[in-house]
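# A look at the structure
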Amino acid sequence: MFSSVDTIWVLVGAALVFFMQPGFAMLEAGLIRAKNVGNIIMKSIMDLSIGAIIYWALGFSIMFGVSAGGLLGMPDLFLAGDVVASAAPEGVAPWAFMIFQTVFCATAATIVSGAMAERTKFSAYCIYSVVISMIVYPISGHWIWGGGWLSELGFHDFAGSTAVHLVGGAAALVGAVLVGPRIGKYSRSGKSRAIPGHSLSLAALGVFILWFGWFGFNGGSTVSATGDGTIASMGLIFANTNISAAAGATAVMAVTWILYKKPDVSMTLNGALAGLVGITAGCDATNMVGAMLTGLISGLAVVAGIAVIDKRLRIDDPVGAIGVHGICGALGTLCVGLFSLEGGLFFGGGFGMLGVQALGVIAVAAWVALTMSITFALTKATIGLRVSREEEVEGLDIHEHGIESSYADFMPMIQGMAAAPAVLAGGAAAIGAAAQEGVAGGGAAGSAAGSAAVLSGGAAVRGHTEAGANAAKMTKLSVITRPSMFDALEAAMTEIGITGLTVTNLLGYGVQKGHAEYYRGVEVQSRLLQKIRVEIVVSKVPVRTVIEAAKKALHTGNYGDGKIFIYDVENVVRVRTGREGYDALQDE
């Protein structure tokens, strides 16, 4: 006899955990470069797709089948026998329980893609998905949730800090080590270099989706919604889940603010996930104070862990998966032995429970490290684990999937002359590629967007001498500054009678090589900053008047206020009327 309420609750939980897959996809996509977004999306969807088939074919029965010595369940190919019915909790429809466990398997599998992002072959990654879904996750899962030896010892992992997250984190560690760091990640001396992700907006969206889905991940693990005790437990699980995530995010914000003088956005996002991972094991066993402390510990650990992994061990993990899922999965499991209301060290239980928790963490980590080392080593020796240097530099999207750009019309590809660099020599304020032309009106003169403009030694290379031009002196002023200063500059120019401007977007840096920035605790070196170039040609308005007005509008006293370059103009031709020189710059 099935319980409608229990079965529906398990299905709702499965749907929420399924929704975590796009959360992981958005998080990972945001924390890598745009040229690899299609590849990471493909890996995320195949983790779910391949994993669902393999887990149905063999993985579920190995995890929940009749135990063989507490080590693994007896295989039941494609669940043809009665393993699903016997594994489902009382009152829950068997296939509801099966799909609930399937999405948990997919969660464990998808953790690895972020740590190995931007340099791993898609074919090699598909092999990994098969192995973790068929063997690695199901066997360690059997030890914990399938009646295996760890469960008999009293190991407590309610929703998977170890069973899911430590498994994924340990696999991510092995994979990241064997595939090696991305090109340019470390200098010859071994110093870590920041490679910022292309969209914090996507990363933040991913974290909020994951936070939301985690209520199904933890809350759904009651696999029941009947009885006063269960209902009360569900409420506490939700509250503990939320407060731990909040504590993790807040702790990371505070620590990075102290260490890097500014609160680090991407690390704070990882802090929220660290709290979620940490509380997953004991969300049913502790009170809210214990949950908050678990989140706080996890947040502090993820900052320290990512720094050690990146700077000391020189393991390249673009999204921080090893720190979030591996380190915090292990710590969260140990926190059960500290904060559990029944048996925790701080509640009079002594060291017994903590010892069992530690044993479980060590055993699962060792199992995953062994099996994944074999898997990745064999893959590397046969079909290869890593793409070629050319493929990595140009991007996995184009080479692995034939995608020019994952953003299509939203970020048009710059081709031909639009890709030519605008090089400013002699202490120039910007080095970069012209992106697009702004509005040119009135007496404006300037280059077409993106055309190469080489300015050196104060002389204008561009220009055209035409016999018979008006003898009045003409001057071009080229102002390079931050985009945020354009409105103030435009207003200042309008006030002195300048009606024509040509505006070009640039990427570049000056002699200071950009202002100091930190990305995930690593200083960003020589970062190309967003700039604009505003070109003005004057004859009637005095040059000094333009200079003083621009200086007044742009000055803040900080690096990045910009520079003004001044050039003689030999001639100007208004194409429509044929007028030249001074006359070509005047309103008709």
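Our structure is the block above this text.
Overview of the structure. Just so we're clear, the structure is a prediction, and the values are computed from it rather than from any experiment. (Residues numbered from 1 in each chain as written. Predicted model: local features only at pLDDT ≥ 70, side-chain atom pairs only at ≥ 80, totals over all residues. Heavy atoms only, no water.)

## Topic: the sheet that holds strand S8 (residues 502-508)
Pairing between sheet strands relies on hydrogen bonds along the backbone, with the strands arranged either parallel or antiparallel. Spatially, S8-S11-S7-S12 is the arrangement adopted by the four strands of the open sheet, whose pairing is antiparallel. Of all strands in the sheet, those with a lone pairing partner are S8 and strand S12 (563-569), marking the two edges. Across this sheet, the average inter-strand angle for adjacent strands is 25°, counted without regard to direction. As judged from the seven bridges shared by strand S7 (residues 474-481) and S12, these two strands associate in the antiparallel manner. Across the sheet, Ile480 pairs through a bridge with Lys563, a residue of S12. In the packing of helix H16 (residues 486-495) onto the sheet, contacts are made with S7, S8 and strand S11 (529-538), and the angle to S11 comes to roughly 10°. Contacts between helix H17 (residues 543-554) and the sheet are confined to S7, S11 and S12, with S7 contributing the most and set at about 10° to the helix. (Pairing = 2+ DSSP bridges. Helix = DSSP H or I, 4+ residues; strand = E, 2+ residues; numbered from the N terminus. Axes fitted to C-alpha atoms, helices over the stretch in contact; angles between N-to-C directions. Contact = heavy atoms within 4.5 Å.)

## Some remarks on the nonpolar core
Ranked by internal contacts, the top residues of the largest apolar core, which has 105 residues, are Phe60, Tyr128, Tyr137, Val368 and Met372. Ranked by residues supplied to this core, first place goes to helix H4 (residues 94-115) with 12 residues. Apart from residues no more than four positions distant in its own chain, Tyr137 is found in contact with Tyr55, Met63, Gln101, Phe104, Cys105, Ala108, Ile132, Trp145, Ala163 and Val164. Judged by nonpolar contacts, the second largest core, of 20 residues, contains Leu477, Ile532, Ala549 and Ala550. (Core = buried A, V, L, I, M, F, W, Y, C linked by side-chain atoms within 4.5 Å. Buried < 20%, exposed > 50% of the residue type's maximum accessible area, 1.4 Å probe, protein only.)

## A word on unusual backbone geometry
Unlike most non-glycine residues, Glu118 shows phi in positive territory, near 75°. Structurally, Glu118 is set in the loop between H4 and helix H5 (122-145). In this structure, Val223 takes a positive phi of about 45° despite not being glycine. Assessed through its relative accessible area of 15%, Val223 is described here as buried.

## Observations regarding the pattern of salt bridges
Under the definition given, this model contains 10 salt bridges. Residue Glu118 pairs with Arg182 through a salt bridge whose shortest N-O separation is 2.5 Å. A residue pair is termed long-range when its members are at least 10 positions apart, and Glu118 in the loop between H4 and H5 and Arg182 in the loop between helix H7 (161-179) and helix H8 (200-219) qualify at 64 residues. The exposure classification of Glu118 matches that of Arg182, with both residues buried. When salt bridges that share partners are traced, they join Arg33, Glu118, Arg182 and Asp316 into one network. (Salt bridge = Lys/Arg side-chain N within 4 Å of Asp/Glu carboxyl O.)

## A closer look at the packing of helix H1 (residues 4-30) against helix H2 (residues 37-64)
Relative to each other, H1 and H2 sit at 160°, their axes nearing to 9 Å. With respect to H2, the axis of H1 lies roughly antiparallel. Note on packing geometry: the crossing formed by H1 with H2 is right-handed. Touching Phe18, Gln21, Ala25, Met26, Glu28 and Ala29 of H1 are Val37, Ile40, Ile41, Ser44 and Leu48, all from H2. The class makeup of the residues in the contact of H1 with H2 is eight nonpolar, two polar and one charged. (Parallel < 35°, antiparallel > 145°, perpendicular 65-115°, else oblique. Left-handed = near helix turned anticlockwise from the far one by under 90°. Nonpolar A, V, L, I, M, F, W, Y, C, P; charged D, E, K, R; others polar.)

## Comments concerning a nonpolar patch on the surface
Judged by side-chain polarity, Val289, Met292, Leu293, Leu296, Ile297 and Leu300 come together as a nonpolar surface patch covering roughly 460 Å² of accessible area. Within the fold, Val289 resides in helix H11 (residues 288-312). A relative accessible area of 53% means that Val289 is categorised as exposed. (Patch = residues over 30% accessible without salt bridge, like charges linked within 9 Å, V, L, I, M, F, W, Y side chains within 5 Å. Areas by Shrake-Rupley, 256 points an atom, 1.4 Å probe, with all protein chains shown as cover.)

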